[in-house]
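Coordinate analysis (summary)
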Amino acid sequence: MDGSTSDTPNLFGVFDQPAQLPARALPTAAEGPFAAVAIEKSVDRALDYAIPKTLVGSVVVGQRVRVPLGRGNKPNFGYVTAIKPTTDYRDPSKIKPLLGIDDKRVLIPPTLMELACWMSRYYIAPLGLVLECIIPSAVKKRTGVGYITFVQLAKPREEVQAFLEKAKAPKRRAVLARLLQLEPGHSVELLRLAKEAGVKPNTVRKLAGLGWISLKAEVDLPGMTADTLVVPATEVSIALNEDQQKVFDDILPRLSPPAGVDGSTQPSPSAGFSVNLLMGVTGSGKTEVYLQCIERVLAQGRQAIVLVPEIALTPQTARRFVARFGKVAILHSGLSAGTRHKYWQQIATGQAQVIVGARSAIFAPVPNLGMIVVDEEHESSYKQDQLPRYHGRDVAVKRAQLEKVPILLGSATPSLEMYERVRREATAGNAENHHGGTEARRATRNSADHSQRHDLKQIDQSRVAAGAKSSSVELPSVPPCLRGDSSSSNYHLLSLPRRVRGLSLPHVEVIDMKQEMRMRRGVNLFSQRLEYMLTNTVAQGHQAILLLNRRGYSNYVHCPSCQHVVTCKYCDKTMTYHRSTGEHTLSAKIMASAHAGQLHCHYCLAVNTLPTQCPECGKLLSLFGLGTQRVEEEMQRKFPDIKFARVDSDTMRSAKDYEELLGKFGRKEIQVMLGTQMIAKGLDYPNVTLVGVISGDTALALPDFRAAERTFQLITQVAGRAGRGDLPGRVILQTFLPDDPTIQAAIKQDYVGFAERELISRKEVGLPPFARMARIVLRDEEADKVQQTAEELAGELAIAAAGTNVQIKGPMPCAVGRIAGYFRHQIVLQSPAATPLQRVLASVRARGLLNKSERIAVDVNPVSLL
Ligand SMILES: Nc1ncnc2c1ncn2[C@@H]1O[C@H](COP(=O)(O)OP(=O)(O)OP(=O)(O)O)[C@@H](O)[C@H]1O
Ligand SMILES: [Zn+2]
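The rules behind each value
- Residues numbered from 1 in each chain as written.
- Chains lettered and ligands numbered in written order.
- Predicted model: local features only at pLDDT ≥ 70, side-chain atom pairs only at ≥ 80, totals over all residues.
- Heavy atoms only, no water.
- UniProt positions renumbered as here; feature names shortened; annotations may be inferred.
- Buried < 20%, exposed > 50% of the residue type's maximum accessible area, 1.4 Å probe, protein only.
- Helix = DSSP H or I, 4+ residues; strand = E, 2+ residues; numbered from the N terminus.
- Pairing = 2+ DSSP bridges.
- Near = heavy atom within 4 Å.
- Polar contact = N/O pair within 3.5 Å; in protein donor to acceptor, adjacent residues only side chain to side chain.
- Areas by Shrake-Rupley, 256 points an atom, 1.4 Å probe, with all protein chains shown as cover.
- Nonpolar A, V, L, I, M, F, W, Y, C, P; charged D, E, K, R; others polar.
- Domains from an automatic or database assignment.

Per an unreviewed UniProt entry, the protein goes by Replication restart protein PriA and derives from Humisphaera borealis. UniProt, in its Subunit (unreviewed entry) section for the protein, records the words "Component of the replication restart primosome." The protein has a UniProt comment under Function (unreviewed entry) that states "Initiates the restart of stalled replication forks, which reloads the replicative helicase on sites other than the origin of replication. Recognizes and binds to abandoned replication forks and remodels them to uncover a helicase loading site. Promotes assembly of the primosome at these replication forks."

1. Things to note about the pairing of strand β9 (residues 274–280)
The buried count for β9 comes to 7 of 7 residues, which makes it a mostly enclosed element. Where burial is concerned, the two faces of β9 agree: the one with Ser274, Asn276, Leu278 and Gly280 and the one with Val275, Leu277 and Met279 are both buried. Relative to strand β14 (residues 406–411), β9 runs parallel, the two sharing 6 bridges. Each bridged residue has a counterpart across the sheet, and for Val275 the counterpart in β14 is Ile407.

2. Quick notes on the site of ligand 1
Taken together, 21 residues lie around ligand 1, and Ala239, Gln244, Lys286, Asp684 and Arg724 are the ones closest in. Within the side chain of Arg724, a nitrogen or oxygen atom sits 2.7 Å from an oxygen atom of ligand 1. For ligand 1, the protein covers 84% of the area, taking 630 Å² as the surface of the free molecule. Sort the elements by how many residues they give to the shell around ligand 1 and helix α10 (residues 286–299) lands first, with 3 residues. When the residues that make up the shell around ligand 1 are grouped by side-chain class, the tally is 5 nonpolar, 8 polar and 8 charged. Among the domains, domain 3 (242–260 + 268–480 + 487–501) and domain 4 (506–551 + 634–748) are the pair contributing at least three residues each to the shell around ligand 1.

3. Quick look at the environment of Ile776
Summarising the element assignment, Ile776 is placed in strand β27 (residues 772–780). Given the relative accessible area of 0%, Ile776 is considered buried. Once the C-alpha coordinates of Ile776 and Ala794 are considered, the two residues, 18 residues apart in sequence, prove to be 9.6 Å apart.

4. Structural notes on the UniProt feature "binding site: Zn(2+) 2" (unreviewed entry) in the protein
Following the UniProt record, the feature "binding site: Zn(2+) 2" (unreviewed entry) maps to Cys568, Cys571, Cys601 and Cys604 here. Secondary-structure assignment places Cys568 in the loop between β18 (556–558) and β19 (576–579). Since its relative accessible area comes to 3%, Cys568 is described here as buried. For Cys601, the position within the fold is in the loop between β20 (597–600) and β21 (607–609).

Structure, rendered in structure tokens:
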């Protein structure tokens, strides 16, 4: 970054009235300094502009500016990424001057600028687009900002004095006389001046037209920042239990501020960047550990950012932060533009101490970051599925590294990427620095015996903290500079192997649905066991959660005579039947004509009516496959007295709907919630004693190498909702594949066992986390054309990859070969290491072959391969 940022005006300086230069007939300016500007549009590089004399010193890195672009010199917005004395342009005389500063504030502080540049490189996204995504549009548009007009004399005091002596107009005299009372060079608010002079504001303004005074509009900062953010904290810390305390003590030294921040001169040897993966079973009190770590950081006058997968789905978690700290900004999608801007301003001034939000909260411009927490780090909703296709968790790790602060990642089911990396780096760090890795390992094993559920045999547990004898003590004898790359020793695996208050994990009972089908007549969505348990649970006044990870009624409309399956006209996907609300059907396998409802495509959102007969042979159609609507129907029929609610994106239109529903569930007005993965996350209701998984298999068959991982995570997470109060929890897991190893691991809630097995098979076939992957999806309305373009691009990639260990796979049609009328082909790049892969992509990008367009999407570290 350029040194010129050091004299950056206060982040909240006044907004400039944009300095205007005529757009046409731009003077050329060969002299420096120059500003490199990333245009908001998708120009894939920063362009140099000359800084006009009048603006030298005012233009700084991170500001939003106006620049001419293209032949017509059309004004465009962009962000200053660097100030430089010279330019690399071959003909500097052709360089255009910058038109003006749009906003005097530094919208992108230096570290965020660095982060943006990294994202642009890493995720193959134009820098301007990355910056666009970092700054909320309400901030750019300055929504809700009030202005105050200030008045100042524009002529020498003597001249004003002389004028006063002869002028007749009493009102003007009053105004000018008042201004003369000010200290030279000072200004006064227009409204106040008018009032004090006993004139109308307009009278004052007229004096500006006559040249006597100058007016200057300044942002009403007090109005912007003084607000309701401060809510009195109502909750006090809970005393940590032994496991939590061990984890906390382990992290504590890494939470200390760098030297000087708290007046100390000695830097703590472990302060700075560290990655801490907290592997804690469901209900083990991870959130309490986050809260107490954050408390420390706030006490040092620093701020914390907390990422949660989706605010709307985790209102309980968000509330706990507010209850504990008060000055918390919760960035949820329901904020008005004005509030969003206000929050941004409050964050930037350090008034908001804790920022809680979904992935984009990682861009909060906090002035003095102390730590980052990523809750449920395994969640795929951290990945953005449009440009820039970043992963919020990975960007968070990068930001922590740039800011030299610790990051705490928590999950009961860590992503294999994170787990493998932390385990590897922690071990490497230990082996390198300790020479005692094995010893530490032995010590860990001896004392880790209480964690029966975590089969620790196979992993190198050298850094699992809880239950271990402080195994991840930092290594004071080795000065930081000798530790080599920080990544070798800054990774820590921490664990909370037990639930709080001695509660046990719920018992999981597996029901083989094949057998169930043989035993009972007809199609039964609920096994006898689940029916029994449900009745029993409700009879005892307890509550239940039922999971079915598919919405709609039936995902498979099929003709039993000719085997025709109804697919979307625009996608290679079966249509899902959605019953109209209020409609009832009488049996699961029923004539289509008895149904009223529509066919929905979950890919392109197309909606059709359900055909009355098979379009191929004219016979009657059947409905196959489960959806939440169908389970709802069966609930109504079998348990007419149970008060239950269906929770999926069709019934929950807004965050408010969901909050209301959770409120009812909390007050026990609802006995059973039936829903998609929406209800699998973070819910903490002590009265829930039963969790039913209607079909454990829905995600297993997806053509994606993460299918097993997703299945394991989902089952374990939803199982974790049971038995969080004093009563033990039970889980009924229905499956057609009771012997599948993933289902087996899920039954035992054995994360380590699952992870180790899955990692071995990923390693064998060279899939992430043992390979870096990038996926390029091309699309076109014409099948031939997309194939041809894909082949050309694959050819170029192959040339760029020659002599490297980057494999180019494809082009091949995507698993979903057509979406919304577009044919889709993909090319997958894979390499054992990240760098060569990045190099290949960079070289092809530099030739303009990956430019942003509707027809090509580059996804680095994709989370889905459909
Ligand atoms: N030391 C403690 N003693 C007693 N109760 C605790 C303690 N720590 C946390 N709790 C309580 O236990 C419950 C579960 O804690 P928390 O929600 O933090 O678990 P978690 O690990 O984040 O769960 P999950 O991952 O399943 O969402 C909460 O109600 C919390 O208040
Ligand atoms: Zn479709």
